[in-house]
2 protein chains.
Amino acid sequence: MKVYTIRDIAEMAGVSVTTVSRVLNHRPDVNQATRKKVEEIIRDCHFVGNSNARGLKQGNEVIGVVIRGRSNPFLSSLAEAILDRADTVPDNFVTEYIDEKDDEFQTAVRMTRQNHVKGLIFVGSLIDDRVRAIKGMDVPMVFTTVNAETAALPRASSIAVDDRAMGRLVAEELLSLGHTRIAVFGSNPVAGDSLAMRFSGFCEAFAERGLTYDKTLYRETRFSYDAGYEVAKVFFEERPDATALFAMSDTVAVGAIRALKDLGRSVPGDVSIVGFDGIDISRFMVPRLTTVEQPVGEIARRSVNLLLDMMEKRAAPRHILVEALFRKRESIAQCSRT
Amino acid sequence: MKVYTIRDIAEMAGVSVTTVSRVLNHRPDVNQATRKKVEEIIRDCHFVGNSNARGLKQGNEVIGVVIRGRSNPFLSSLAEAILDRADTVPDNFVTEYIDEKDDEFQTAVRMTRQNHVKGLIFVGSLIDDRVRAIKGMDVPMVFTTVNAETAALPRASSIAVDDRAMGRLVAEELLSLGHTRIAVFGSNPVAGDSLAMRFSGFCEAFAERGLTYDKTLYRETRFSYDAGYEVAKVFFEERPDATALFAMSDTVAVGAIRALKDLGRSVPGDVSIVGFDGIDISRFMVPRLTTVEQPVGEIARRSVNLLLDMMEKRAAPRHILVEALFRKRESIAQCSRT
DNA sequence: GCCGAAAACGTTACCGTTACCGTTTCCGGA
DNA sequence: TCCGGAAACGGTAACGGTAACGTTTTCGGC
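Description of the structure in this document. Keep in mind that what you see is a predicted model, and the values were worked out from it rather than measured.

**Some words on the interface of chain A and chain B**
When the parts of a complex come together, some accessible area is lost, and that lost area is often used as the size of the interface. At the interface, 47 residues of chain A touch 47 residues of chain B. The interface formed by chain A and chain B contains 6 salt bridges. Residue Asp226 of chain A pairs with Arg283 of chain B through a salt bridge whose shortest N-O separation is 2.6 Å. Along the contact surface separating chain A from chain B lie 10 residue pairs in polar contact (both at pLDDT 80 or more). Elements supplying a minimum of two residues to the side of chain A that touches chain B: helix 4 (51–58), helix 5 (73–87), helix 6 (102–113), helix 11 (225–238) and helix 12 (250–262) of chain A. Broken down by class, the residue content of the side of chain A that touches chain B amounts to 19 nonpolar, 12 polar and 16 charged.

Next comes the structure, spelled out in structure tokens:
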């Protein structure tokens, strides 16, 4: 099973390597008959150009997709959607999947500094360390989350749902069902980031009704089934007065449902629950989970477009908010206590 | 932000490009002092070698990970574990994530025929078309599923749980709880593949007790939440006599739990359910899902090792069975009907 | 002091492809 | 008939590394 080069093909077709290259790259200045013959031979030999040689010569554009928290189904599905989308873009773009583990991230940073990585998309929020590391990197970046610090970077775009509005909407829905003592499980919010916005929108809804949100009902947690379970188990024993929960990640909501069941409390009978993200499983939970569904496909598509625009057309950074959908399902009900 | 080449580094260090290359590749024949100086300059410049150039010269080894059915959390987590593992192997191995979509698969096949892909790992069962396509490809392959046809390929290894034994175990557990009318939701089994083995082990347990499994209780379905929901909804209306379900994928089990709830049947009160795979969510379902947990990490690690052994040491193909764990949880109970 | 081996380093020819310049062929119009 | 230009195609120098091979230097042993 020989591995053919462009030269072999040229020889077999009785043309020069240049002509074969032209055929390969769909350039116009080659005769129809010649093109056809070359294409035929290429097909017969199952010839595929050597991507290293092409990359070396042309200087291909590597774009990195950095993901933090793959155990979160929302983030991993978003990352996959982005990779999928990136693979369909016309030409020599190579996509690199970068886990935000220490060494892998460091390599990515070095490669970026060396101009081998020409663009970055970040999935999931970055920890402070990382933000410091990417400051001063002069490549286009796209964040799928809102963050005041990264938004200030000169070449950073962002695309995310309107967290403030959705946070407010969640509060309004729960308040209108009579809930006032609503637990909120968030995660390590930094001033001006997605989670902080969600929370501030949430509090605004209280303010609009002349109420103030009781911040002793707020807890921090990692976004995973396990963490959600643990924090809920402890919280609802401490605070049996809470009648509802807004979990800023569906994973946490799922863990909390399980924990409440173990505590002998019913959902939504005793506690109403709203999640965030709209992961697949949310439609199949018992009870079906009320959640804010993020448009994964749209975010994926547009984040890649944003990056490409900045890379190719040197477009200015943009900060886009997309529509999320409030999915009202079985996990919330009228408040039964006052 | 200049992008340095090995030549720039050489000039700055006052040595030849070869010496720099030697330092880069940790070769012994270079003086300590020289090495240190070169390394310093490399660090200062954030220099990273051009992978295309290296790949072109050395001919890097590309291994492809082909995945079918990413919507299944088990398969996607297995695929990620494999990619993770593959990224830690010492040297110039490039891992390519290949979705089993038509065009992507075709490209992979072409690249493989062209000897650009030097090894393949398949995650999830292949459809017949694909099996035909990979026949006659002369590269090492590893399957994470059992299949009589692929097992016959001269350079194919496999690693999977002992499906027959686990199928038998599931049946034994349910039989010992008094269940005899047990639905089985499988998927398109081919003689001698994982699913067929599971089913035949399952039937064997019946035979050993002098029973024969009633095959009208068997249904086929895709492995997804949605499909599981749909098939269960229809099935349990048709066959209210079934007292248990063995779903060959946790996703199907999850869908079925939801469907039974909608039909007003309780799990495990009216119907006991056993899944397969051990996806994360299984521990958090209400009720917690009894399942056969596959050792994802071990399968990932060993599949990469198997492939590497075949590629580098030209080791003979091996067919390995690993231990799965029966996780008895809340979704099964004593049968209440006869 | 000389020899020879080993250590340290340099020269240079590739790897497969593309792109810059050519060159050749063909053809319509003056 | 000749000319000019477009269409079609070819020769060859890069791209940035690596490695085979050649050269110089060092140094211990006799």
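The structure having been displayed, the exposition proceeds.
**Side note on the packing of aromatic side chains**
This structure, assessed with the given rule, holds 28 aromatic pairs over all chains. Between Phe202 of chain B and Phe246 of chain B, the ring centres sit 5.6 Å apart and the planes meet at 20°, which makes this aromatic pair stacked. Taken together, the residues Phe202 of chain B in helix 10 (residues 194–208) and Phe246 of chain B in strand 8 (residues 244–247) connect sequence positions 44 residues apart. Among the residues examined, Phe202 of chain B registers a relative accessible area of 0% and is labelled buried. Of the aromatic side chains, those joined through ring pairs into one cluster are Phe199, Phe202, Phe206, Tyr213, Tyr218, Phe246 and Phe276 of chain A. Here Arg198 of chain A stacks its cationic end above the ring of Phe276 of chain A, 3.6 Å away from the centre of that ring.

**Side note on the protein's contact with DNA strand C**
Of all residues adjacent to DNA strand C, which total 25 residues, the nearest are Ile6, Arg7 and Arg27 of chain A together with Thr18 and Thr34 of chain B. Within the contact set of DNA strand C, a phosphate oxygen lies 2.7 Å away from a backbone nitrogen or oxygen of Ser16 of chain B. At the level of secondary structure, the elements contributing two or more residues to the surface near DNA strand C comprise helix 1 (6–13), helix 2 (17–24) and helix 4 of chain A together with helix 2 (17–24) and helix 4 (51–58) of chain B. In the surface near DNA strand C, the residues fall into 7 nonpolar, 12 polar and 6 charged.

Cut-off values and rules
Residues numbered from 1 in each chain as written. Chains lettered and ligands numbered in written order. Predicted model: local features only at pLDDT ≥ 70, side-chain atom pairs only at ≥ 80, totals over all residues. Heavy atoms only, no water. Contact = heavy atoms within 4.5 Å. Salt bridge = Lys/Arg side-chain N within 4 Å of Asp/Glu carboxyl O. Polar contact = N/O pair within 3.5 Å; in protein donor to acceptor, adjacent residues only side chain to side chain. Helix = DSSP H or I, 4+ residues; strand = E, 2+ residues; numbered from the N terminus. Nonpolar A, V, L, I, M, F, W, Y, C, P; charged D, E, K, R; others polar. Phe/Tyr/Trp six-rings, centres within 6.5 Å; stacked < 30°, edge-to-face > 60°. Buried < 20%, exposed > 50% of the residue type's maximum accessible area, 1.4 Å probe, protein only. Lys NZ or Arg CZ within 6 Å of the ring centre and 35° of its normal. Near = heavy atom within 4 Å.

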